[in-house]
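# Reading the structure
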Amino acid sequence: MAYLEVRELSKIYDGTTVLDNIGFDIEEGSFLSLLGPSGCGKTTTLRLIAGFEKPEGGSIRLNGTIINGIPTFKRNIGMVFQSYALFPHMSVEQNVSYGLEQRNHNHSEIKKKVAEALEMVRLTGYEKRKPKQLSGGQQQRVALARALVIRPSLLLLDESLSALDKKLRVEMQVELRQIQKEVGITTIFVTHDQEEALTLSDYIAVMEKGKIVQLDTPDTVYEHPKNSFVADFLGQANFFPGVVRREGNHGYLLMMDEKQYLPFRCDEFLEDGTHCTVSVRPEKITISDREEHQAIRGKIEFITYAGNLSIFRIRALGQEIKVQQQNISAGQRKFVAGDSVFLSWEPESTLILEREKE
Ligand SMILES: Nc1ncnc2c1ncn2[C@@H]1O[C@H](COP(=O)(O)OP(=O)(O)O)[C@@H](O)[C@H]1O
Ligand SMILES: [Mg+2]
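Along every chain, residues carry numbers that run from 1 in the direction the sequence is written. Written order decides the labels, with chains lettered from A and ligands numbered from 1. Side-chain atom pairs in this predicted model are given and counted only at pLDDT of 80 or more, local residue features only at pLDDT of at least 70, and totals for whole chains, interfaces and linings cover all residues. Each side-chain value is derived from all of the structure's non-hydrogen atoms; neither hydrogens nor water enter the calculation.

Looking at an unreviewed UniProt entry, the chain carries the name Spermidine/putrescine import ATP-binding protein PotA, with the source organism given as Sediminispirochaeta smaragdinae.

Written out as structure tokens, the structure reads:
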């Protein structure tokens, strides 16, 4: 039995199904991200688990107990929201102890627990400060301490790093993950930011329109997305729709229309006549000025220099293909807009999506 088991959970608002039979398991101590575009049902899922809302159907089992009927305050779940709303007039210590005071803990116990929670988030020595005397990252850690001080059985974080600027957010991601591992707390993190989900999580549940489309480890969702939605939402991808024709022993042609076809290789067997979308990520494509076997001929339309990377927009097969290359050395062969080039990639980088046999 998993530590948290969510089964066939559904939620309807005003006649609209917002969560459509979602289910997932989380092992104790692991970190799951719910990732998806705005409105797909991430916050609703957290609110149901926390007990702020009642589901239309389904069950939530935490540590062996079905908690559907248990009121929020008895579920012992810690939650941090995007607007973590610290009490501005209270000190760090008072903000963190608030939840314990509400629960009528005695004074010495509160003092000890607050000190422990502040140590967990590395804020020992900041007890007397007011929120406005802290940086954004420190305020975020106070909010985290406030959630952890009750020793929750589960930690729920709703876009809780989104308000921070990029650099700080990346630092906090690393810290959050370290703290989560040290405390060993089972965590569900909600985000619409794919990079954040990839860096933080043991598992990612990709959501679309109230459903979980794919639940896997970060590298699996990225390298083996189940469909175009996942491929597109996590990172970038080029898509080529067409019909497969076998060509020799290992190769295929993807017939895109009467004039255009894409030669490709892949690690799996495809039958002649399979309708599918062939997809390849921009960073897997190599640009060369020499023609190689099965390479695609194209013309560079536009190059964006991004410091560590260069992003190429290349016209080929009647569409625009995105290619990303690391700027490894300053002396690297520099292509310019207008150059004719050849594109190729390894067979294992070919993703076959939405396949359908005629
Ligand atoms: N209290 C509510 N009443 C009516 N509709 C709601 C309510 N809460 C959320 N919704 C709707 O449910 C859908 C999912 O919302 P939400 O779970 O907040 O999405 P996310 O967190 O993924 O952005 C949205 O279409 C939203 O408008
Ligand atoms: Mg939300």
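## Section: the packing of helix 3 (residues 92–102) against helix 5 (residues 136–148)
Here is the rule we go by: Helix axes are fitted to C-alpha atoms over the stretch in contact, other axes to C-alpha atoms as well, and angles between N-to-C directions run from 0 to 180 degrees. For the purposes of this entry, the term helix denotes a DSSP run of H or I that reaches at least four residues, the term strand denotes a run of E that reaches at least two, and both are numbered from the N terminus. For classification purposes, an angle smaller than 35 degrees is called roughly parallel, one larger than 145 roughly antiparallel, one from 65 to 115 roughly perpendicular, and anything else oblique. By the definition used in this description, the sense in which the near helix is turned from the far one sets the handedness, with an anticlockwise turn below a right angle giving left-handed and a clockwise turn giving right-handed. Contacts are assigned to residue pairs that have any heavy atoms within 4.5 Å of one another. Polarity classes work like this: nonpolar for Ala, Val, Leu, Ile, Met, Phe, Trp, Tyr, Cys and Pro, charged for Asp, Glu, Lys and Arg, and polar for all others, with Gly in that last group.
Interhelical geometry of helix 3 versus helix 5 gives an angle of 30° and a closest axis separation of 7 Å. One element, helix 3, and the other, helix 5, form an angle in the roughly parallel class. Judged by the sense of rotation from one axis to the other, the crossing of helix 3 with helix 5 is right-handed. Across from Val 92, Asn 95 and Val 96 in helix 3, the residues of helix 5 making contact are Val 142, Ala 145 and Arg 146. In terms of residue class, the contact of helix 3 with helix 5 is built from 4 nonpolar, 1 polar and 1 charged.

## A closer look at the pattern of salt bridges
As a reminder, the rule being used: Whenever Lys or Arg places a side-chain nitrogen within 4 Å of a carboxyl oxygen from Asp or Glu, that contact is recorded as a salt bridge. The classification of residues rests on relative accessible area computed with a 1.4 Å probe and restricted to protein chains. Under 20% of the type maximum is buried, over 50% is exposed, and intermediate values are partly exposed.
Applying the stated rule across the entire model yields 22 salt bridges. With a closest N to O distance of 3.9 Å, Lys 111 and Glu 93 form a salt bridge. Pair noted here: Lys 111 is in helix 4 (residues 107–120) and Glu 93 is in helix 3, with a separation of 18 residues, a long-range link. Residue Arg 177 pairs with Asp 202 through a salt bridge whose shortest N-O separation is 2.6 Å. Placement of Arg 177 in helix 6 (residues 166–183) and of Asp 202 in the loop between helix 7 (194–200) and strand 9 (203–208) is noted, with a sequence separation of 25 residues between them. When its relative accessible area of 13% is taken as the criterion, Arg 177 is described as buried. Asp 202 sits in the partly exposed class, given a relative accessible area of 26%. Put simply, Glu 5, Arg 7, Asp 25 and Arg 61 are held in one network by salt bridges that share partners.

## What about the domain arrangement of the chain?
Many authors give the size of an interface as the accessible area that is lost as the parts come together. Rules: Each domain span listed reflects an automatic or database assignment of domains. Buried area: the sum, over both parts, of the accessible surface (1.4 Å probe) that disappears when the two are put together.
Domain boundaries assigned for the chain yield domain 1 (4–233) and domain 2 (238–357). One C-alpha centre belongs to domain 1, the other to domain 2, and the line joining them spans 39 Å. Residue-level contacts link 10 residues of domain 1 with 8 residues of domain 2. Taken together, both faces of the contact between domain 1 and domain 2 bury some 750 Å²; the carbon and sulfur share is 46%. Of all residues in domain 1, Tyr 222, Ser 228 and Ala 231 bury the most surface against domain 2, accounting for 58% of the area lost on that side. Summed over the shared surface of domain 1 and domain 2, the number is 1 salt bridge.

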